[in-house]
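If you want the building blocks of each chain, they are given just below.
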Amino acid sequence: MRRIAPLLAAFVLLGLAYSAAVPLFETPDELQHYAVVQYIARYWWFPPLGQQPGEHLWDQETLQAPLYHWLSAAATFWIDTSDFSQQAILQPKANIGDATLPGKKNAFLHGPAQAFPYHGTTLAVHIARWLSLLFGVGTLLLTCYVSRFVLAPQPSVRGDPIGASDTWLSLLPAAIIAFIPQFIFMHSAVSNDTAMTFTSTASLATLLWIARDGMTTRRAALLGLAIGLMSLSKLMGTVLAVLAIVLVVILTRRLKPTAVVAGVWLAVAGWWYLRNQIVYGDPVALTAFLTFMSGNFAIPATSFKFVWDQFRLLRFSTWGLFGHISVLMQPEWIYFVYDAFAVIGAAGFVLGAGRELSKGLRRRNDERSDDFSRSTNKATQAALFEALKTNVVENRALLIVLVWLATVLAVGARWFLAAGIQGRLVFPGLPAGAVLLAYGLRTLFNRVSPRTLTLAVSLPMAAFAAAVVPAYLIPAYAPPPLVDRVAADATQTEIRFGDEIALRGYTIARERDLLRFTFYWEALKTP
């Protein structure tokens, strides 16, 4: 705990800075999520689904699993949010959805009422954002816990590239995800993705605990609670809950613990499935979601360009794509640095996992007779199968993490084909992926001490994550500068729009194939 405390403190400070720099509702679906929170805080029930998008502020988010929204409502119900509609005024000329477009990045208008000290809707939104930040802290703690099962499963053995129970090494995966700018950005927003990521990591950690120390009734109940909360976080939670039960069956091969896990899961989340079945005729409300969004789950015709563009969006929105897909980190080679880091870690993982498999097979062969190579084909196959089985048992923690990540990516890929995808949608698998990257880095740099490796990775990432605030977030949402006179090279005008505003001048500048207009406005009355 002593070593992770500075990491958690840095993450919280960065999260608070991101939250302060990004105005209200300038994160993906934040307006809709907060509209659900505000409705629940007022009426203590779910908002009604409209007939079409735009009928209500919450739109499709009322169909989302409710854990995050109910917790946020419980934290903010005491605040007077009667100014909500005044803080959610669309900016009609925003260039959003394509970060390569120039122009205004703010999707909403922001006035002095949103400045610190916060009050009204602004205070409620920031409290809901701070709840997301708290979920992020929990995810980092659990990531350290998960990493201990994979990176330090037993006392150190000479020559072991993983280096055994070194706390610096178990800190590395948490440091990787803590300083990804997009992870900080989403944990500084009103978003149920944060609850989903936390409960997914909690479920994975409990599974690994059971795999290492065995199943008990208490552990089965805790796993049932974890996957129940995960199912109440987002649709993907239901898929991962089913996976968790399947893994319990494989690990224990016993009916009683499986029944306890499933029973607690349904006790926690079953009411949600029942309510959806009654209201929408679908226990997970997926059909209602697709109908509302005029979509379907059929695999569409795709082209290479479409897949590549979506993959590019996935990359950008995993590392750092802010606002409403509107604020890029520039220059673009920054993303290639993150890509290279991930590729190096993945290559190291493949190499390290291959070494473990080879080492396990050789050890099993040595335990058998010296004339193993002269045995019959049938005996050879049986011995090979036994060796693989032993290797799987010895590395079951690594395999569980790998299967967990693969499932999240598979669900994300399926959703991508139906409705597009952003990196935040696969964040429930991010802790598992970070553990595998740390495994790979330790394999490749096994001569470097875990402390040096962790600091060499985390410090530059932390520095850049901090630089995102002044370099990208603040400029993107900065109001136009105030001037006391029109520039000398501007074309002077005297165009009044009623008695409220006047255009005093403008300039036009060419930038490659773009024309940049600068207008000088004067407010004739105080709003």
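Residues numbered from 1 in each chain as written. Predicted model: local features only at pLDDT ≥ 70, side-chain atom pairs only at ≥ 80, totals over all residues. Heavy atoms only, no water.

## Quick word on the packing of aromatic side chains
Our working rule: Each aromatic pair joins two rings of Phe, Tyr and Trp (for Trp, the six-membered one) with centres within 6.5 Å, and gets the label stacked for planes under 30 degrees apart, edge-to-face for over 60, and tilted for any other angle. Every helix listed is a DSSP run of H or I at least four residues long, and every strand listed is a run of E at least two residues long, numbered separately from the N terminus.
Tallied over the entire structure, the rule returns 29 aromatic pairs. Where Trp-265 meets Tyr-273, the ring centres are 6.2 Å apart and the plane angle is 75°; that geometry is what we call edge-to-face. When the ring of Trp-308 is compared with that of Phe-311, the centres are 5.8 Å apart and the planes differ by 45°; the resulting orientation is tilted. Of this pair, Trp-308 and Phe-311 both sit in helix H13 (residues 304-319), separated by three residues, roughly a single helical turn.

## Examining the confidence of the model for the chain
Quick reminder of the rule: Predictor confidence is given residue by residue as pLDDT, running from a minimum of 0 to a maximum of 100. By definition in these notes, contact holds between two residues if any of their heavy atoms fall within 4.5 Å.
Scored by pLDDT, the chain comes out at a mean of 88, with 89% of its residues at no less than 70. In this model residues 154-165 is a low-confidence stretch, pLDDT under 50, and it forms 17 contacts with partners more than four residues away in sequence or in other chains.

## With respect to the pattern of salt bridges
Applied cut-off: The term salt bridge refers to a side-chain nitrogen of Lys or Arg lying within 4 Å of a carboxyl oxygen of Asp or Glu. Note on exposure labels: buried denotes an accessible area under 20% of the residue type's maximum, exposed denotes more than 50%, and partly exposed covers the range between, all computed with a 1.4 Å probe on protein chains only.
Counted under the stated rule, the structure contains twelve salt bridges. Close ionic contact of Asp-213 with Arg-212 constitutes a salt bridge, the shortest N to O distance being 2.9 Å. A residue is classified by how much of its surface remains accessible, and Arg-212, at 45% relative accessible area, is partly exposed. The salt bridge involving Glu-494 is made with Arg-504; its shortest N-O contact spans 2.4 Å. One end of the pair, Glu-494, is in strand E3 (residues 491-497); the other, Arg-504, is in strand E4 (residues 501-511), and ten residues separate them in sequence.

## Things to note about the nonpolar core
Short version of the rule: Side-chain atoms within 4.5 Å link the members of a nonpolar core, which is a set of buried Ala, Val, Leu, Ile, Met, Phe, Trp, Tyr and Cys residues.
Core analysis: the largest hydrophobic core is formed by 110 residues, its most contacted members being Ile-227 and Met-329. The element contributing the most residues to this core is helix H18 (residues 450-477), with eleven residues. For Met-329, the residues in contact, after removing those within four places along its chain, are Pro-181, Trp-319, Gly-320, Phe-322, Ile-334, Tyr-335, Tyr-338, Phe-464, Val-468 and Tyr-472. Val-37, Trp-58, Ala-73 and Leu-131 belong to the second-largest nonpolar core, a separate cluster that totals 28 residues.

## Points about unusual backbone geometry
A cis amide bond links Phe-116 to the next residue, Pro-117, at an omega of 0°. The amide bond that connects Gln-330 to the next residue, Pro-331, takes the cis arrangement and shows omega of 0°. Its place among the elements puts Pro-331 in the loop between strand E2 (327-328) and helix H14 (333-367). Positive phi is not limited to glycine here, since Phe-25 has a value of about 65°. As for its placement among the helices and strands, Phe-25 is situated in the loop between helix H1 (4-21) and helix H2 (30-43). A positive phi angle, close to 60°, is found at Asp-29, a residue other than glycine.

## Some details on the packing of H1 against helix H6 (residues 167-178)
The following threshold applies: Fitting a line to C-alpha atoms yields each axis, with helices limited to the stretch in contact; the angle taken between N-to-C directions then spans 0 to 180 degrees. Convention used here: angles under 35 degrees read as roughly parallel, angles over 145 as roughly antiparallel, angles from 65 to 115 as roughly perpendicular, and any remaining angle as oblique. Charged means Asp, Glu, Lys or Arg here, nonpolar means Ala, Val, Leu, Ile, Met, Phe, Trp, Tyr, Cys or Pro, and polar covers whatever is left, Gly included.
The geometry of H1 relative to H6 is characterised by a closest axis approach of 11 Å and an angle of 10° between their N-to-C directions. Our classification of the angle between H1 and H6 gives roughly parallel. Residues Ile-4, Leu-7 and Phe-11 of H1 lie in contact with H6, whose contacting residues are Leu-171, Ala-174, Ala-175 and Ala-178. Here the contact of H1 with H6 is built from residues that sort into seven nonpolar, no polar and no charged.

## Re H2
The test is simple: By this rule the span expected of a helix is its residue count minus one, scaled by 1.5 Å.
The terminal C-alpha atoms of H2, which comprises 14 residues, lie 20 Å apart, in line with the 20 Å expected from a rise of 1.5 Å per residue. Counted residue by residue, H2 has twelve buried out of 14 residues, so it is predominantly covered. Buried residues of H2: Glu-30, Leu-31, Gln-32, His-33, Tyr-34, Ala-35, Val-36, Val-37, Gln-38, Tyr-39, Ile-40 and Ala-41, and no others. Summarising the contacts, the buried residues of H2 are in contact with helix H3 (67-76), helix H4 (84-87) and helix H5 (120-151).

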